[in-house]
Amino acid sequence: STGTTAPTRAAAWRRKCARVNANSEAVPTLWARHETEATLVDPSGRKFFLNADGVLMFRKPRQMLLRGNKDVAGLVFELGSDEQRFWMRVIPEVDTLWWGRHDEGGDTASSDIPIRADAVLEVLGIGDIPTQLDRLPAPVMRFNNDARVYMVVWVDQVPRRFVAVREVWYDMTTFLPVKVLLFDANGRVVLRANLSDHAAVAGAKDGKIATQYHLFFPDSQSRMTVKLSDIHVQKDGRPNERSFPFPRESDSGRVIRVGGRP
């Protein structure tokens, strides 16, 4: 309303942040079964399809492993991240391992790798919203009346200007994320993700996550759909510090080094 004071609006925003953060904090780790389909486009423009199932593991802030298997072929693809590196390995068609480091910047385009594991990591591990609203990267919120969501854009500073780095849409009733957009330094979308069918996580008090993820990478034109089931905070002691091994380069026909996210 027109009579709402700035301190009152700030307090209301912090309450919304607390709702989002409570759910995020309830799921610091994840173990789930997955079914994945993907249409991949490699840097040469060659397109190929794969589908597989397996286990997804995640541990905040940067550890993730998504392995896809087929009954006869065995391992067909792997997306992963540890504290230093991210990677994608595809065995059929291209027999290639792409990998890079989280701490490297650069202007390497997302088209240099079909699917960026570091970007997928940001979708799976949607972080807390800081309640100190005057620190960078700063969240800026607006309400979308048509979609009935809170749209939060994170703004950061680069030399001589400010840029949007990420946008997350939260359902106005549940405060659960339903869309994630990641941007490069020029404001171009490098990943668009739609999230749906949120479900409770076994072992997490009141924690929920999406069970369907539809991901699109405009630079490479690659797409991936991931459906989760049997979701736990932890199962049979996993994930743990040994759950995210970097692949041996000798196991791949080609090894391609990529740069950080643009």
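Above this text sits the structure in question.
Calculation rules
Residues numbered from 1 in each chain as written. Predicted model: local features only at pLDDT ≥ 70, side-chain atom pairs only at ≥ 80, totals over all residues. Heavy atoms only, no water. Helix = DSSP H or I, 4+ residues; strand = E, 2+ residues; numbered from the N terminus. Buried < 20%, exposed > 50% of the residue type's maximum accessible area, 1.4 Å probe, protein only. Polar contact = N/O pair within 3.5 Å; in protein donor to acceptor, adjacent residues only side chain to side chain. Contact = heavy atoms within 4.5 Å. Phe/Tyr/Trp six-rings, centres within 6.5 Å; stacked < 30°, edge-to-face > 60°.

J.: Hey, could you run me through the side chain of Thr-29 in this one?
T.: Relative to the helices and strands, Thr-29 is located in strand S1 (residues 29–41). Given the relative accessible area of 13%, Thr-29 is considered buried. A polar contact of 2.7 Å, which involves the side chain of Thr-29, links it to the backbone oxygen of Val-233. Leave out the neighbours within four places in its chain, and Thr-29 touches Phe-58, Arg-59, His-232, Val-233 and Pro-239.

J.: Even after reading the chapter, I still don't get the packing of aromatic side chains, so can you show me in this structure?
T.: Geometry of an aromatic ring pair is reported as the spacing of the ring centres plus the angle between the planes. Going through the model one piece at a time under the given rule, you end up with four aromatic pairs. Aromatic side chains Trp-99 and Phe-246 sit 5.6 Å apart centroid to centroid with 75 degrees between the ring planes, which places their arrangement in the edge-to-face category. Here Trp-99, found in strand S6 (residues 96–101), pairs with Phe-246, found in the loop between strand S15 (222–232) and strand S16 (254–257); they are 147 residues apart in sequence, far enough to count as distant. A relative accessible area of 14% means that Trp-99 is categorised as buried. Considering the side-chain rings of Tyr-150 and Phe-175, the 5.5 Å spacing of their centres and the 15 degrees angle between planes classify their relative orientation as stacked. Within this pair, whereas Tyr-150 is found in strand S8 (residues 149–158), its partner Phe-175 is found in the loop between strand S9 (161–171) and strand S10 (177–183), the two being separated by 25 residues in sequence. Residue classification places Tyr-150 among the buried positions, given a relative accessible area of 15%.

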